[in-house]
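One letter stands for each residue in the lines below.
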Amino acid sequence: VGARPQFIKLSPFLKAAEAAKHKVRIIHTGQHYDEEMSDSFFRDLEMKAPDLNLNIGSNSQAIQTAQMLEGVEVDLLQNKPDWVVVFGDTNSTLAGSLAATKINIPTAHIEAGLRSFNREMPEEINRMVTDSITDYFFTTTALANTNLGALGHGEEKIFFVGNTMIDSLLGNMERLIQPPLWNEYSLEDKGYLVMTLHRPSNVDGYENLRQLLSLINDNVGDKKVVFPMHPRTKKMFDQFGIAFDKLIVTGPMSYLEFIYMIKHSAGVVTDSGGITEETTVLNVPCMTLRNSTERPETVTEGTNELIGANPDNVGEWVDKMLQGQWKKGSIPELWDGKTSERILEVLCSKYSV
């Protein structure tokens, strides 16, 4: 693992494995290294510290992945695990699966088979490569099974089990923390929006990001927008020198605080994939500033709407959200908090090691 979403997906799997007396060694690549993007998640989710942190940090896609690949391989050769398990679609996923597969260690991909069909997204390339070389596939939806079958993978290696991200969400609902900014800004239940932006298509272009933030700021009426800012976004934001009076800009939030803010919000504006899963289960309106999604079930079944990357679309959708005119959603099949146990049953019973 190496990034925020992977820590969330790892947590319930780790707890289930430890409860069943299995030994789990955590390799943290260091892809996310900021305190609030990394260490706080291990504390919040009550996980043991990583057994190894490669501390790779930021770099180009190629250099980062190459350094991860080297570090992971050394550790696998030393410790010789029975299985290597990778999560999601980051460079850490790619490096872990490639390192393990090339030295013939059975490898399982949790959250396999997702596709946005947009090869301009680095995550899509990571998904494609990982799903072409790993041995066992654990999926969040039946559609992901279909995608994997189209690649020629046999049904005996594909398992529709649900979503470990939702295991974490449901398992921590009683532990959520109200952040200090709640009282600082006199926020009220359903009285504000939450926004997250980090994808290059939205945040790397000066004019595009400025226009996007201006439109959101100007269309929320008397509401505030809580904006936990990704380090990538902050680099561009700090160049504006513009006051957005409706935006409450904060640094990355801890998991328990962030979910609290989503749960009590009137809606979420995002370009993240994982957050659309959380809003679906929490029944919170969500609009995604992307042209495609690898999680279409959040749109067809959940509360997410894919509005595209064109800033001009934002105003009408924000108004719809604030007027309470959003569609009703439902929770996808097997998103019930028991996914990790189903995965372990497959790994350790049907395919004993």
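Data block above holds the structure.
Structure report, in brief. Sequence order as written defines residue numbering, which begins from 1 separately in each chain. Only residues with pLDDT of 70 or above have their local features reported here, since the model is predicted, and side-chain atom pairs are shown and tallied only from 80 upward, although totals for entire chains, interfaces and linings are computed over all residues. No hydrogens and no water enter the side-chain calculation; it runs on all heavy atoms of the structure.

Salt bridge, as applied in this entry: a Lys or Arg side-chain nitrogen positioned within 4 Å of an Asp or Glu carboxyl oxygen. Counted by the stated rule, this structure contains 16 salt bridges. Taking the shortest distance from any N to any O, the salt bridge between R25 and D75 comes out at 2.7 Å. Here R25, found in the loop between α1 (4–19) and β1 (27–28), pairs with D75, found in helix α3 (residues 61–79); they are 50 residues apart in sequence, far enough to count as distant. D75 sits in the buried class, given a relative accessible area of 5%. Ionic contacts of the salt-bridge type, sharing partners, join the residues K9, D89, E111, E124, R127, E277, R290, E294 and R295 into one network. Working definition: helices are DSSP H or I runs of at least four residues, strands are E runs of at least two. Numbering for both runs from the N terminus. Think of it in three bands: with a 1.4 Å probe and only protein chains considered, a residue is buried below 20% of the maximum accessible area for its type, exposed above 50%, and partly exposed in between.

Another aspect to go through is the packing of α1 against helix α7 (residues 164–171). Two quantities define a packed helix pair, namely the angle between the helix axes and the distance between the axes. Axis lines are fitted to C-alpha atoms, over the contacting stretch for helices. Their N-to-C directions set the angle, which ranges from 0 to 180 degrees. One way to put it is that α1 packs onto α7 with a least axis distance of 7 Å and a crossing angle of 75°. When the axis of α1 is compared with that of α7, the two are roughly perpendicular. Contact residues: α1 offers P5, I8, K9, S11 and P12, while α7 offers T164, M165, D167 and S168. Classes in brief: Ala, Val, Leu, Ile, Met, Phe, Trp, Tyr, Cys and Pro nonpolar; Asp, Glu, Lys and Arg charged; the others, Gly included, polar. Of the residues in the contact of α1 with α7, the class split is four nonpolar, three polar and two charged. For classification purposes, an angle smaller than 35 degrees is called roughly parallel, one larger than 145 roughly antiparallel, one from 65 to 115 roughly perpendicular, and anything else oblique. Contact criterion: two residues are considered in contact whenever any of their non-hydrogen atoms come within 4.5 Å of each other.

Attention now goes to the environment of A266. Here A266 lies in the loop between α12 (255–263) and β10 (267–270). By relative accessible area, which is 14% here, A266 ends up buried. For A266 and Q323, which are 57 residues apart along the polypeptide, the C-alpha to C-alpha distance reads 9.7 Å. When residues no more than four places from it in sequence are discounted, the contact partners of A266 are K190, Y192, L193, P285 and M321.

Each aromatic pair joins two rings of Phe, Tyr and Trp (for Trp, the six-membered one) with centres within 6.5 Å, and gets the label stacked for planes under 30 degrees apart, edge-to-face for over 60, and tilted for any other angle. In the structure shown here, the tally under the stated rule is ten aromatic pairs. Aromatic pair F13 and F87: ring centres 5.9 Å apart, planes at 75°, arrangement edge-to-face. Residue F13 is located in helix α1, and its partner F87 is located in strand β3 (residues 84–87); the two are separated by 74 residues in the primary sequence. Under the relative-accessibility criterion, F87 is labelled buried at 3%. Ring-pair connections join several aromatic residues into one group, and the members of that group are F7, F41, F42 and Y255.

A separate point is the pairing of strand β9 (residues 247–250). Paired strands are those between which DSSP finds at least two bridges. Inspection of the sheet shows strand β8 (residues 224–228) paired to β9 by four bridges, in the parallel sense. Among the inter-strand pairings, V226 is bridged to a residue of β9, identified as I248.

Before going further, it helps to spend a moment on α3. To estimate the expected span of a helix, count its residues, drop one, and scale the result by 1.5 Å. End to end, α3 covers 27 Å across 19 residues, agreeing with the expected 27 Å (1.5 Å per residue, within 8%). Along α3, the positions that sit buried rather than exposed are Q64, T65, M68, G71, V72, D75 and L76. All buried residues of α3 project into a common sector of 135° when viewed along the axis, lining one side. Structural note: α3 exposes A62, E70 and Q78 on the side pointing more than 90 degrees away from its buried face. Phi turns positive one or two residues past the end of α3, at K80, with a value near 45°. Summarising the geometry, the arc corresponds to the directions from the helix axis toward the C-beta atoms.

In this section: the sheet that holds β3. The strand order across the open sheet built from four strands is β3-β4-β5-β6, with neighbouring strands paired in parallel fashion. Of all the strands in the sheet, the pair left with one neighbour each is β3 and β6 (158–160). Here the strands of the sheet are splayed against their neighbours by 20° on average, with no regard to which way each runs. Relative to strand β4 (residues 107–110), β3 is paired through four bridges, and the arrangement is parallel. Pairing of V84 across the sheet is with T107, part of β4.

Remember that the coordinates give geometry; whether it matters functionally is a separate question.
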